[in-house]
Amino acid sequence: MEQEVILKEIKEYAKENNVPILQDISLDLILLVLKLKKPDSILEIGTAIGYSAINFSRYLKDINSKILTIEKNENMYNKAIENITKMNLSNTIKVINADATQYLETIDEKENKFDVIFIDAAKGQYLVFLENALRLVKKGGIIIADNVYFKGRVLSRI
Ligand SMILES: C[S@@+](CC[C@H](N)C(=O)[O-])C[C@H]1O[C@@H](n2cnc3c(N)ncnc32)[C@H](O)[C@@H]1O
């Protein structure tokens, strides 16, 4: 099946099953940032069913960027693996099934740093994610957080 068709099906699945994936306007903005940055490595916190990671990877296929993405929900993780496999992107996207608040602590900043870090998981944990992102972002790298104003769930923790 053609990749565009599979991508459309992933988007429809998200809509039908209330999976909160990136809105088109946010995706376009992030893709613009990626176009300017041309990252070798991306860390994503909050995979869901792989929609954003798949879009990033497709957009960056010419430079073969590597994406590490973390998802704690097992059903979402399984669906993400299925979608990434269907899209033939298993070589560039690695999905970890773990709670990012714990998994991030296991990444050693002396061995692994990322050009871009995208935070898109539980809003109440954004500060933990941000602390780790600051530690794991390369010098001159970019941290992007989606929906920081969402129902005040991030700002109420500051
Ligand atoms: C908004 S969705 C991610 C959407 C995805 N980035 C996209 O646009 O296609 C947030 C996801 O983060 C996951 N999540 C929430 N808290 C998490 C945590 N502490 N560690 C890992 N994943 C988490 C949820 O299970 C959910 O699937």
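Residues numbered from 1 in each chain as written. Predicted model: local features only at pLDDT ≥ 70, side-chain atom pairs only at ≥ 80, totals over all residues. Heavy atoms only, no water.

### Focus: the pairing of strand E2 (residues 66-71)
Logical step 1: With respect to burial, E2 is a largely interior element, 5 of its 6 residues being buried.
Logical step 2: Across 5 bridges, the pairing between strand E1 (residues 41-45) and E2 is parallel. By the bridge assignment, isoleucine 45 is partnered in E2 with isoleucine 70.
Logical step 3: In terms of handedness, the path from E1 via helix H3 (residues 51-59) over to E2 forms a crossover that is right-handed.
Logical step 4: Bridging between E2 and strand E3 (residues 93-97) involves 5 bridges; their strand directions are parallel. Paired with isoleucine 70 across the strands is isoleucine 96, a residue of E3.
Logical step 5: Remark: the E2/helix H4 (residues 74-86)/E3 crossover connection has right-handed handedness. (Buried < 20%, exposed > 50% of the residue type's maximum accessible area, 1.4 Å probe, protein only. Helix = DSSP H or I, 4+ residues; strand = E, 2+ residues; numbered from the N terminus. Pairing = 2+ DSSP bridges. Right-handed = clockwise from strand over helix to strand, strands pointing away.)

### With respect to the site of the ligand
Logical step 1: Taken together, the neighbourhood of the ligand is formed by 22 residues, with Leu22, Gly46, Glu71, Ala100 and Asp120 sitting nearest.
Logical step 2: Take glutamate 44: an N or O atom from its side chain is 3.4 Å from a nitrogen atom of the ligand.
Logical step 3: In the model, a nitrogen atom of the ligand is placed 2.8 Å from a nitrogen or oxygen of the glycine 46 main chain.
Logical step 4: Notes on the ligand: free accessible area 600 Å², of which the protein chains cover 91%.
Logical step 5: Placement of the ligand is best described as lying within the largest pocket.
Logical step 6: Broken down by secondary-structure element, the contributors of at least two residues to the shell around the ligand are H3 and E2. (Near = heavy atom within 4 Å. Polar contact = N/O pair within 3.5 Å; in protein donor to acceptor, adjacent residues only side chain to side chain. Areas by Shrake-Rupley, 256 points an atom, 1.4 Å probe, with all protein chains shown as cover. 1 Å grid on protein atoms, 1.4 Å probe; cavity = no way out; pocket = protein on both sides within 12 Å on 5 of 7 lines; lining within 4 Å. Sits in = over half its atoms within 2 Å of the grid points.)

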